[in-house]
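# Survey of secondary and tertiary structure
The primary structure of each chain is shown beneath.
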Amino acid sequence: EDQSKLKAQLEVLAQKKSIKLPTTLSEKKAKGLAQLQEEEGKDFDKKFLHMMKIDHRRDVRKFKQASRKIDDKDLQDFTTRNQPIIEEHLDSLKAID
């Protein structure tokens, strides 16, 4: 639910700023997804959890950087408002171990 809301907010912001968002996965993400789809059961769960932790750590780091380095007030507001949500998700992922 949080990610759907964040994506919707990002799409509105991108449209406002005339920024075209990617519509497909990057090559790296597509490769990771393909590898994940080869797993089953506990191996799938372990790999999925690992991938989600990596993604959320990266997102937290990028949101922190953006909130400090971007001059655009709308983008700063977006990152500042949503960073705690991503951090909360990361904390939840860490608690699963």
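Everything discussed here concerns the structure shown above.
The structure presented is a predicted model; accordingly, all values stated were derived computationally and were not measured. Counting restarts for each chain: residues are numbered from 1 in the order of the written sequence. A pLDDT threshold of at least 70 governs which residues receive local features in this predicted model, and a stricter bar of 80 or more applies before side-chain atom pairs are shown or counted, although totals over entire chains, interfaces and linings include all residues. As a convention, hydrogens and water are excluded, and side-chain values are obtained from all of the structure's heavy atoms.

## Considerations on unusual backbone geometry
- Within the chain, Ser18 stands out as a residue other than glycine whose phi angle is a positive 55°.
- By the element assignment, Ser18 lies in the loop between α1 (2–16) and α2 (27–37).
- According to the relative accessible area criterion, Ser18 is exposed, its value standing at 70%. Secondary structure elements follow DSSP: runs of H or I no shorter than four residues count as helices, runs of E no shorter than two count as strands, and numbering proceeds from the N terminus. Throughout, exposure labels follow a simple rule: accessible area from a 1.4 Å probe, protein chains only, divided by the maximum for the residue type, with under 20% read as buried, over 50% as exposed, and the rest as partly exposed.

## Observations concerning the pattern of salt bridges
- Any Lys or Arg side-chain nitrogen found within 4 Å of a carboxyl oxygen on Asp or Glu counts as a salt bridge. Applying the stated rule across the entire model yields 10 salt bridges.
- With its nearest N and O atoms 3.0 Å apart, the salt bridge here joins Asp74 to Lys16. Here the residue Asp74 occupies a position in helix α4 (residues 73–96), and Lys16 occupies one in helix α1, the gap between them amounting to 58 residues.
- Assessed through its relative accessible area of 25%, Asp74 is described here as partly exposed.
- Across the salt bridge formed by Glu87 and Lys64, the nearest N and O atoms sit 4.0 Å from each other. With a gap of 23 residues between them, Glu87 in helix α4 and Lys64 in helix α3 (residues 41–69) connect regions that are remote in the sequence.
- Here Lys64 falls in the partly exposed class, since its relative accessible area comes to 35%.
- Here the salt bridges share partners, and the residues they tie into one network are Lys16, Lys17, Asp72 and Asp74.

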